[in-house]
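Below are the chains, spelled out letter by letter.
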Amino acid sequence: MNYLLLAFLAHMVEEEEEAERQQQRRLKSRKRKREPNEEEKISDEQFLQQYRITKMVFQEIMDLIDEDITAPTRTAKIQVMTLLRVLAEGSSWKIIDQGDSCRFDLARMMLEILPILEFHLCPKFIKWPQGPMVRKRIREGFLSKWSVPSTLGIIDCTQVQLEKPSEEFHLYLNKNNVHSLNVSLICDNNGRFMAVDASHPGATGDAEIWSNSDERRFMEKIYDEDDEKCWLLADRSYPLEPWLISPYRVKTPNAIEFNQKFDKARSVMTRSIALLKSRWQILLYKDPTLSFLPEHMTRIVNVCVALHNMCILRNVPDVKIDPASRVKDDVVFDELNSLLPDALSLRDEGALNRELLKQVL
């Protein structure tokens, strides 16, 4: 009898403890419902101003990276919001002011979150036009919007300043005597970046990056093997090739007129780079104390480009262009690409395509 009584009492205690646990869970649930999410604590306008994206885009990002974030949901949101604000402001001074230890913790957190964002965002939002129908739509877009035929994209490079690297620092010293990465970008008719290569030191020339790129090999293949006669538009930093049209170097009246119309078509790239750097001002190197190794800066550039494309696709309002984002070195590369063995024939065929384009423009 005593045994049965003890068992009954033990069962009663267990039920009471379970009831108490359920009550605690209900209280926590109600508390969570009462407490707004971090992004709900500020207005939509303030959120866009501070983080450069809408709350809807932010939630899309969180949904994409959810499986790879180990921190609790609330902590993860705070981390990603902090990272976005550093990318947007280009500085940590407005976010933390508690000294070097907090700054170190911020940098460490960024280096943990950045690979996750890069892994999920870049393949989804930076896409090279592999399919012929996609390429056709882009060419039609350039024709209808800019009156240039057979154009698949616009290529350019932009310098992204960084702290002097500890190794091989001379390779990163650009023509302005500043350490940087030379970032290659290719955009479509809507200003979305289809390709980015942020792996090259600042001393590397635009033409050299192009000559060794996967995109050049792709353009050559579809031009020669698939008989898809299209090209990219470039500035005077690039050579003249059948699939890469650059402006005239001579200054005859006809050449000047063509170059002016040509530059007007290329203005979509100029604006896209300015918008990229104005929205994500970490690319303008405004806070030297927030420094990263070149490989980490490469990852930052990739994430910023993916976010730029995401903003275009999701109709996020543009930001005001920062004058510092428009700086561009006017480096002139000879039309003949001496880096290639068949440079002469490539230049001559490219000249024929440029003449065809001049007749249209």
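Just so it is clear, the structure is predicted and the values come from calculations on it, not from any experiment.

The rules behind each value
- Residue numbers restart at each chain and count upward from 1, following the sequence in its written direction.
- In view of the model being predicted, local features appear only for residues whose pLDDT reaches at least 70, and side-chain atom pairs are presented and counted only at 80 or more, with totals across whole chains, interfaces and linings using the full set of residues.
- The basis for every side-chain value is the complete set of non-hydrogen atoms in the structure, without hydrogens or water.
- The rule for pairing is simple: two strands pair if DSSP sees at least two bridges between them.
- Helix numbering and strand numbering both begin at the N terminus, where a helix is a DSSP run of H or I of at least 4 residues and a strand a DSSP run of E of at least 2.
- Every residue pair with non-hydrogen atoms within 4.5 Å of one another is taken to be in contact.
- Interaxial angles span 0 to 180 degrees and are taken between N-to-C directions of axes, which are lines fitted to C-alpha atoms, for helices over the stretch in contact.
- By convention in these notes, a salt bridge is any Lys or Arg side-chain nitrogen within 4 Å of a carboxyl oxygen on Asp or Glu.
- Using a 1.4 Å probe on the protein chains alone, a residue whose accessible area is under 20% of its type maximum counts as buried, one over 50% counts as exposed, and one in between counts as partly exposed.
- Between rings of Phe, Tyr and Trp, where Trp is taken as its six-membered ring, a pair exists when centres lie within 6.5 Å; planes separated by under 30 degrees are stacked, by over 60 edge-to-face, and by other angles tilted.
- Two conditions define a charge sitting above a ring: the NZ of Lys or the CZ of Arg must be within 6 Å of the ring centre, and it must be within 35 degrees of the ring normal.

**Q** Would you take a moment to explain the sheet that holds strand 5 (residues 244-245) for this structure?
**A** Strand pairing in a sheet is mediated by backbone hydrogen bonds. Such pairs are either parallel or antiparallel. Taken together, the five strands give an open sheet; going across it, the order is 3-2-1-4-5, and neighbouring strands pair in mixed fashion. Edge positions in the sheet fall to strand 3 (193-201) and strand 5, since each of these pairs with one other strand and no more. Sheet topology note: the strand 4 (residues 231-233)/strand 5 ladder contains two bridges and is parallel. Looking across to strand 5, one finds that Leu233 is bridged to Ile245. On top of the sheet, helix 9 (residues 253-279) reaches strand 1 (151-161), strand 2 (180-187), strand 3, strand 4 and strand 5; it is set at about 40° to strand 1, its chief contact.

**Q** Just checking my understanding: could you explain the pattern of salt bridges for this structure?
**A** Once the charged atoms of two side chains with opposite charge are near each other, the side chains can pair. Applying the stated rule across the entire model yields 19 salt bridges. Residue Asp44 pairs with Lys55 through a salt bridge whose shortest N-O separation is 3.1 Å. With Asp44 in helix 2 (residues 44-51) and Lys55 in helix 3 (residues 55-65), this pair connects stretches of sequence that are 11 residues apart. On the basis of relative accessible area, Asp44 is assigned to the exposed category, the value being 55%. Since its relative accessible area comes to 21%, Lys55 is described here as partly exposed. Between Arg266 and Asp156 there is a salt bridge, and its shortest N-O distance comes to 3.4 Å. On the criterion of sequence distance, the pair formed by Arg266 in helix 9 and Asp156 in strand 1 is long-range, its members being 110 residues apart. Members of the salt-bridge network, linked through shared partners, are Arg135, Arg139 and Glu228.

**Q** Hey, could you run me through the packing of aromatic side chains in this one?
**A** Geometrically, a pair of aromatic rings is defined through the distance of the ring centres and the angle of the planes. This model, assessed by the stated rule, comprises six aromatic pairs. For the pair Tyr248 and Phe258, a centre-to-centre distance of 5.3 Å together with 80° between the ring planes defines the contact as edge-to-face. On the criterion of sequence distance, the pair formed by Tyr248 in the loop between strand 5 and helix 9 and Phe258 in helix 9 is long-range, its members being 10 residues apart. The burial state of Tyr248 is the same as that of Phe258; both residues are buried. Ring pairs connect the aromatic residues Phe47, Tyr51 and Phe58, which therefore count as one cluster. Sitting over the face of the ring of Tyr223, Lys229 holds its NZ or CZ atom 4.1 Å from the ring centroid. Over the ring of Tyr248 we find Arg354; its NZ or CZ atom is 3.9 Å from the centre of that ring.

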